[in-house]
Amino acid sequence: MFTEELKAFRRLGFRHVLLQVLNFASVIASGLMIWKGLGVITNSESPIVVVLSGSMEPAFYRGDLLFLTNPSSEQYKTGDITVYKIPGADIPIVHRVLETHDVPPRIDIRQYTKSTARSKATTNTDGSEQDNQLLLTKGDNNYVDDIELYQGLEWLEKKHIVGKVRGFLPYVGYVTIAMNDFPQLKYALLGGLGLLALIQRE
């Protein structure tokens, strides 16, 4: 499959190969820096996510690419579409906020959530402490709410929210889904890109 590329690779000198390896590493590092920068700007650990199921149809379909932000001063409202992640769960979930309850900061929210860690207080623009929030979510295409998905928690807290959906691109994320469903495709793609980077001449 890569016969010609391998022949070209053998003809290359060590310095050229090393230069191409460094170029490839710089591209990867630049991508990681951009991702981290987006995370800082949006205040979200995952500013871009892919819809992996049909639980939010017809609002979003499997393979849609979602763009998130998570301002610390913003309170969520019923109807907001959020992405949340429960501690110990591997995959974030994209669902709509069904119900919210504001809890004054002087009240320990743990008595309502069965959480062992106290939530970190956030402040409003005027410097006052912001109310904590309890959230209940549900997929638009699901018959019941998400309590069964909360792994023992009775409510979501703001610390569980990865971000609020601000925009999307339909079906663009199917490449990610294909690579997750077929790991061999991911390794072949990465290997091919790496090999092409090595044998590419200036």
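Computed from a predicted structure; not experimentally measured. Residue positions are counted from 1 within each chain, in the order its sequence is given. The predicted origin of the model limits local features to residues at a pLDDT of at least 70 and limits the giving and counting of side-chain atom pairs to 80 or more, whereas totals for whole chains, interfaces and linings rest on all residues. Excluded from the side-chain calculations are hydrogens and water; all other atoms, namely the structure's heavy atoms, are used.

Participant: Please give an account of the nonpolar core that cites residues and values.
Facilitator: Tyr84, Ile86, Leu135, Tyr150, Leu156 and Ile161 are the most contacted members of the largest nonpolar core, which has 13 residues in total. Per the convention used, a helix needs a DSSP run of H or I reaching at least four residues, while a strand needs a run of E reaching at least two, with both numbered from the N terminus. At the level of elements, β4 (93-103) and β5 (132-138) are the ones that each hand at least two residues to this core. With three residues, the top contributor of residues to this core is β5. The criterion used for residue contact is that any of the two residues' heavy atoms lie within 4.5 Å. Excluding residues that lie within four positions of it along the chain, Ile161 makes contacts with Asn70, Tyr76, Thr82, Val83, Tyr84, Leu135 and Leu156. We define a nonpolar core as any set of buried Ala, Val, Leu, Ile, Met, Phe, Trp, Tyr and Cys residues linked to one another through side-chain atoms lying within 4.5 Å. Each residue is placed in one exposure class: buried if its accessible area under a 1.4 Å probe, protein chains only, is under 20% of its type's maximum, exposed if it is over 50%, and partly exposed if it falls in between. By size, the runner-up hydrophobic cluster in this structure holds 11 residues, among which are Met56, Val83, Val94 and Val162.

Participant: Got a sec to walk through the pairing of strand β7 (residues 161-169)? Specific residues and values, please.
Facilitator: In short, DSSP must find at least two bridges between two strands for them to pair. Two elements, strand β2 (residues 65-69) and β7, share five bridges in a ladder whose sense is antiparallel. Counted as the bridge partner of Leu65 is Leu169 from β7. As paired elements, strand β3 (residues 81-84) and β7 share three bridges and run antiparallel to each other. Counterpart to Val83 in the pairing with β7 is Gly163.

Participant: Go over the side chain of Asp146 with me, naming the residues and quoting the values.
Facilitator: The topology assignment puts Asp146 in the loop between β5 and β6 (156-157). Positive residues here are Lys and Arg, negative ones are Asp and Glu, while His and the chain termini are left out of the count. Definition used for salt bridges: Asp or Glu carboxyl oxygen within 4 Å of a side-chain nitrogen of Lys or Arg. Despite being buried, Asp146 has no salt bridge partner; Lys138 is the closest side chain of opposite charge, sitting 7.7 Å away. The residues touching Asp146, leaving out its near neighbours within four places in the chain, are Tyr84, His95, Thr137, Lys138 and Gly139.

Participant: Summarise the pairing of β3; cite the residues concerned and give the values.
Facilitator: Residues Ile81 and Val83 line one face of β3 and the alternating positions Thr82 and Tyr84 line the opposite face, and both faces are buried. Pairing geometry for β3 and β4, over four bridges, is antiparallel. Each residue of the ladder has a partner; that of Ile81, found in β4, is Arg96.

Keep in mind that these numbers describe shape and distance, not what the molecule does.
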